[in-house]
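# Working through the structure, step by step
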Amino acid sequence: MGKPQKIREKKVPMPEQPPKERIKNFNEVALGYTAEMAVEEAKRCLQCKPKEGQKICVDGCPVGVNIPEFIKHIREGDFEGAIRIIKEKNNLPAICGRVCPYERQCEMYCTLGKRFEPVGIGRLERFVADWELARGVKIPEKAPPNGKKVAVVGSGPAGLTAAADLAKLGYEVTIFEALHKPGGVLIYGIPEFRLPKRIVEAEVEYVKKLGVKIECDVVVGKTVTIEDLLKEYDAIFIGTGAGLPNWLGIPGENLNGVYSANEFLTRVNLMKAYLFPEYDTPIRIGERVATIGGGNVAMDCARTALRLGAKESYIVYRRTEKEMPARAEEIERAKEEGVIFKLLTQPIRFIGDEKGWVKQMECVQMKLSEPDETGRRRPVPIPGSGFLMDVDTVVVAIGQSPNPLIPKTTPNLKTGRKGEILVDEKQRTSIEKIFAGGDITTGNATVIAAMGAGKRAAQAIHEYLSGKS
Amino acid sequence: MYKIVSKKDLASNVKMFKVYAPRVAAKAKPGQFIILRLHEKGERIPLTITDWSKEEGTVTIVVLEAGKTTKELASMKEGDYILNFVGPLGKPAEVKYYGTVAFVGGGVGIALIYPEVRAFKEAGNKIITIIGARTKDLLIFEDELSKLSDELYVATDDDSKGHHGFVSDILKKLLEEGKHIDLVIAVGPVIMMKVISDLTRPYGIKTIVSLNPIMVDGTGMCGSCRVTVGGETKFVCVDGPEFDGHLVDFDNLIARNRRYLEEEKIALERFLSHG
């Protein structure tokens, strides 16, 4: 390990596009570490060993990556070794290294973080993943084909992970994707400036190289049903995500200029409306754009609006910044870019012009009272605090619910109160042979949580199919 | 990739394509639609399924040249490939015996009522069909519909065939004469469907319309196609495309269909000048 050095108190800074420049383009904001930066950051790691009654980084990782070990390899300049260790557990590291909420997972348990800034685990993961992508991805050893077939429905993070793990175990896996491009929310939802599509494409390519077949343009529940698939496959994994936009349910929500976050982001990300008219799909952006909501999706929309040319982009949220579900890093970047936060504000009505376009939003001021069932303090309206806000585009980003298409078309598939498919700890549904995981079982959560569920499901499918034969 | 198996000119600006899409053909039912994307830079547009053959694995669509994408599609030839073709989407029509069913088809909507007329006929209904277009050349599927219908009425805007005027005039006359009708199914321009729904309301005749809003994914994900029906927000792609015409807020739909008029013009002009 060489002679003892004084530990850096802060993470090696991440090179970034400056805010004034980046709001004029859709290129990635965080540019990634160089090899030197990565080695220097890796040196901050204390190489903690697991200890009874004490959590370390690994305990915070939903897929259980051996974090101290891969960081050790980076420190030694062995990037190849580092990526091998990550990929034992994580099939999509270039994605996780960009969008994981590390501060609430691995980095939250970092011992160094108790005194200084935690080790930049996410940044290091991203570095080695990108390093490998640039050199050409190696395909790991696979179990020999076992003659069993598994269908995976949906090619988002849950589906890709389940498919990759099952392929490694020797299964013949086919993914069915409803849209024309695989990746699910990674493609239609998360913007280019946060997760470049070439990265998603490269990770999807890796899954294909493992032998997974991906069939696009297949809407399961319409083009084929789960019952059809059961005739052909030994098991099915459903990872169709939370594709159903939630609405405020207030007057004027169907006015022109009011988008769901899904529509706004799908037009821009999947359909590349920011390149209209080179690409055929248009998007309309006004001068004053209000995004309703306080999650990562809301931040993505508000920042996308700036890049599309909005003069003022607002986040309108009914609680305070402290209760926002968005990652601190995303809130910070939105602020740097000039997004204006209107907190403790709740829209109650949209007002349109004579042609049916939204022109104003009536809001009430809120205050926080006692905590609700989620532990966050409940916002209540302040009587007589109503005011009007001029807006010409509104994006409703208050969450998504599980996609109802498969539950609706699959008899006996049990669902919960919000339409989520009910599963046990092994991701098993109420129907034999059918497993589910990701946002379809939880409502909208994180990419890494979906991947964790995909992993558990792959393991459970393997147990089920190998035990049965 | 989905191969265009055959192409037929139905009128100067209306083309019919048979596309090889066996999975869609295997599941298609009257009233459903597909979404296609022509190429890597293309938009996703919905088109109603006109016909299908499980045996051939083909799906037939009829396209009226209007904007950039429909003009581009119309320029494609037999043997060409459409990049994406997904479906069948939406809920199928509720085909059953009602008694006498009056179908009203306007413009390219005529092609869309064809599979429903066939299915409702097979279900034992008496069929009255009223079709209309700007001029007689645009009266597509007239022969096919004539064979399936117990009564067929024709209207043209320019008096080149049949009644000089609108399809709604014909339905109005039939209703005023006391013709017994149990169900009306109207497919065509939004304004036509609105007029027909207003016409049947005082008679209390159930009226089904097939809506054609702007869609993106077509699977219930984005809400671009949302309309107000009976005071509730519905997604046409998954809750429709057919709704009770007496409950649809047509003015909201008309306004929503005009969202991208300017962009549609830009795209079309660019296509016509660049090809």
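Residues numbered from 1 in each chain as written. Chains lettered and ligands numbered in written order. Predicted model: local features only at pLDDT ≥ 70, side-chain atom pairs only at ≥ 80, totals over all residues. Heavy atoms only, no water.

## What about the overall build of chain B?
Just so we agree on the cut-off: In DSSP terms, a helix is any run of H or I states spanning at least four residues, a strand is any run of E spanning at least two, and both are numbered starting from the N terminus. Exposure classes here rest on a 1.4 Å probe applied to the protein chains alone. A residue is buried below 20% of its type maximum, exposed above 50%, and partly exposed in between. Working rule for contacts: check all heavy atoms of both residues, and any pair within 4.5 Å makes them a contact. Only the protein chains shown count as cover for residues, with accessible areas throughout obtained via the Shrake-Rupley method and a probe of 1.4 Å. Think of it this way: Lys and Arg go in the positive column, Asp and Glu in the negative one, and His and the chain ends go nowhere. By convention, the point assigned to a charge is CZ for Arg, NZ for Lys, CD for Glu and CG for Asp.
Tallying secondary structure elements over chain B gives nine helices and 16 strands in all. A principal-axis box enclosing the C-alpha atoms of chain B has dimensions of 55 × 40 × 35 Å. Burial statistics for chain B: of 275 residues in total, 59% are counted as buried. In chain B, the proportion of contacts linking residues at least 24 apart, taken out of those at least 6 apart, comes to 65%. Roughly 11200 Å² of accessible area belongs to chain B as shown, and the carbon and sulfur atoms make up 51% of that amount. Distance between charge centroids for chain B: 4 Å, based on 37 positive and 38 negative side chains.

## Looking at the nonpolar core
Put simply, the test is: Side-chain atoms within 4.5 Å link the members of a nonpolar core, which is a set of buried Ala, Val, Leu, Ile, Met, Phe, Trp, Tyr and Cys residues.
By size, the foremost hydrophobic cluster in this structure holds 83 residues, and its most contacted members are I67, F70, I71, I74, L124 and V128 of chain A. With 10 residues, the top contributor of residues to this core is helix α16 (residues 447-468) of chain A. Setting aside its immediate chain neighbours within four residues, I71 of chain A contacts A42, C45, Q47, V119, I121 and L124 of chain A. Residues V190, I196, V248 and L253 of chain B belong to the second largest nonpolar core, which totals 40 residues.

## Observations regarding the state of the cysteines
Residue and element names in this part refer to chain A. Stated formally: Sulfur atoms of two cysteines make up a disulfide when they are within 2.5 Å.
Taken as a whole and judged by the stated rule, the model has zero disulfides over all chains. Considering cysteine sulfurs only, C45 is the nearest to C48, which forms no disulfide, with 6.5 Å between them. Summary of cysteine pairing: C100 is not part of a disulfide, and the nearest cysteine sulfur, belonging to C96, is at 4.2 Å.

## Details of the sheet that holds strand β2 (residues 172-176) of chain A
Residue and element names in this part refer to chain A. As a reminder, the rule being used: One bridge is not enough; two strands pair if DSSP finds at least two bridges between them. Axes, fitted as lines to C-alpha atoms, cover a helix only where it is in contact. Angles between the N-to-C directions of the axes lie from 0 to 180 degrees.
What the five strands build is an open sheet, ordered β3-β2-β1-β4-β16; its pairing is parallel. Both edges of this open sheet fall to β3 (213-215) and β16 (434-436), since each of them pairs with a single strand only. Between one strand axis and the next, the sheet turns by 20° as a mean value, whatever way the strands run. Sheet strands touched by helix α7 (residues 157-168): β1 (149-153), β2 and β4 (235-238). Its angle to β2, the strand with the most contacts, is close to 165°.

## Re the sheet that holds strand β12 (residues 183-187) of chain B
All names here are of chain B. Read from one edge of the open sheet, seven strands run β11-β10-β9-β8-β12-β13-β16, paired in mixed fashion. Either end of the sheet is taken by a strand with one partner, and the two such strands are β11 (163-164) and β16 (242-244). Judged from the two bridges that link them, strand β10 (residues 151-156) and β11 form a sheet pairing that is parallel. Directly across from T156, in β11, lies its bridge partner H164. Set on the sheet, helix α5 (residues 167-176) makes contact with β8 (100-106), β9 (126-133), β10, β11 and β12; between it and β9 the angle comes to about 145°.

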